[in-house]
Amino acid sequence: MQSRQVDFGGTNVQRNILSVAAPMMAAQILNLLYNIIDRIYIGKIPGEGTIALAGLGLCFPVITMVTAFSSLFGAGGAPLCAIARGKNDMGKARDVMNNAFFMLVATGTLLTVIGLVFRRSILYLFGASDATYPYASGYMFIYLFGTVFVMISLGMNPYINSQGFARIGMKTVVLGAAVNIILDPIFIFVLNMGVKGAALATVISQFISAIWVLCFLTGKQAELKLYFRGFHPDMACICEVMKLGFSTFCMAFTNSLVQIVCNTMLKTFGGDLYISVMTVINSVREIAQTPVSAISDGASPVISYNYGAEKIGQMRRAIHFMTQMGFAYTLFIWGIISVFPEFFIRIFNNNAELLHAAVPSMHVYFFGFFMMAFQFAGQSVFKSLNRAKQAIFFSLLRKVVIVVPLTLLLPRVGELGVTGVFLAEPVSNFIGGLACYVTMRRTVLAKLPAEK
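Residues numbered from 1 in each chain as written. Predicted model: local features only at pLDDT ≥ 70, side-chain atom pairs only at ≥ 80, totals over all residues. Heavy atoms only, no water.

Enquirer: Please explain the pattern of salt bridges as it appears in this structure.
Expert: Any two side chains of opposite charge can pair if their charged atoms end up close together. Inspection of the entire model under this criterion finds four salt bridges. For the salt bridge of Glu425 with Arg398, the shortest nitrogen-to-oxygen distance reads 3.4 Å. Separated by 27 residues along the polypeptide, Glu425 in helix 17 (residues 418–443) and Arg398 in helix 16 (residues 388–409) bring together distant segments of the chain. Here Glu425 matches Arg398 in class, with each residue buried. Salt bridges here are not isolated pairs; linked through shared partners, they connect Arg398, Lys399 and Glu425. (Salt bridge = Lys/Arg side-chain N within 4 Å of Asp/Glu carboxyl O. Helix = DSSP H or I, 4+ residues; strand = E, 2+ residues; numbered from the N terminus. Buried < 20%, exposed > 50% of the residue type's maximum accessible area, 1.4 Å probe, protein only.)

Enquirer: Would you mind showing me how to read helix 10 (residues 235–269) here?
Expert: Spacing of three or four residues puts side chains on the same side of an α-helix, whose turn is 3.6 residues. Along helix 10, the largest kink reaches about 45 degrees and is centred on Gly245. Residue Asp234 occupies the N-cap position of helix 10, its side-chain oxygen lying 3.1 Å from the main-chain nitrogen of Ala236. (Bend = angle between axes of the 7 residues up to and from the residue. Polar contact = N/O pair within 3.5 Å; in protein donor to acceptor, adjacent residues only side chain to side chain.)

Enquirer: Looking at this structure, I do not really get the packing of helix 10 against helix 16. What am I missing?
Expert: Packing of helix 10 against helix 16 brings their axes to within 8 Å, and their N-to-C directions diverge by 5 degrees. Taken as axis vectors, helix 10 and helix 16 run roughly parallel relative to one another. Taken together, the residues of the contact of helix 10 with helix 16 break down into 17 nonpolar, five polar and two charged. (Axes fitted to C-alpha atoms, helices over the stretch in contact; angles between N-to-C directions. Parallel < 35°, antiparallel > 145°, perpendicular 65-115°, else oblique. Nonpolar A, V, L, I, M, F, W, Y, C, P; charged D, E, K, R; others polar.)

Enquirer: How should the environment of Met251 be read in this particular structure?
Expert: In this structure, Met251 sits in helix 10. Along the backbone, Met251 and Lys399 are 148 residues apart, and their C-alpha atoms lie at a distance of 7.7 Å. Dropping the residues within four chain positions of it, Met251 is found in contact with Gln379 and Ser395. (Contact = heavy atoms within 4.5 Å.)

So, in structure tokens, the structure goes:
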């Protein structure tokens, strides 16, 4: 597990960010494979790929919910660790990490029980039909048994990155993704398990990733180590972690809410076919936004560390570099998706009816995708500097205040139908992204010299 530790206080801010962002981007892309590979294989099941995709899409809110709680304690505590390290307060950094681990295990266990008991009611609430329920239920039942493993893997990996061991964090995901890629075709096709096989492959993969994370964080190389002997939960510390992590939690949680509302409206105005279309589009969006997410996540510990060390000039350069890189990338990928939409759709399914419905829907959904860069930049700065209130507000603004009402309203305006469902996303990107970034510039960047 030997890996070079990045010095966040170094003067070459761009190199520091890229040193963290590059392996983090590789890790996040590989992390997508847990679900993306499932969707690719499931979409190719002979004779039932399209309806199976719809069933899998109904499980997205559950998967997103697990990710949300992982972020609540992972992304919430990691910046606090980085700030504490910048102040050389290693005791505080260890307390944050250990309390976060306790909450990840406890919350994961609770989510497993709730999901198993209310599985049927939850899936029908999310838009399942009698045709899609068997696929959704089969996947969700097995996936829920791996919830604790998923939360440890996703929630504790940021604490490896916050110590400067970005390559170890990348290897966490590489290991699990490699196992998932190998097991998926075996379980789905060779053993003829279908969607249940995809879920089982994911659970085993996440279990292996979780073991890897725990081995590193209890090993010799880690600067901050997990300890269990004599540990007692510190509610003040847990509340501090949750306060900062709540913004990231809101982003993931509201993504889940949006998925539920979208599936419900698409079932009403387009049927199961358009739930399959949304499953494909969500998959493409996850792939497309991963690099800009990695850039902002890579900049976060650098910003946090220099904030704690009161190196304001380096912090300002990190914010500018993060924003410029994010904007350039999102503008480029928007152009690629606009020109070659069928290429991305065919990765998951070649059904002619689905292609006919998905191409115009994708053009609408991704319009102005570059505005996402401003949302990511603003959110990253607020989170990195422990500005919890602003981070939470803008998380809720884009999804709850803008996307959800528009998703419910636009399909009924001028007979837009399913087009209105897909139109809500670009409208929110323009309004929410711009509001978040402008507020960050006026309340943070404009005041940085005074703060020092």
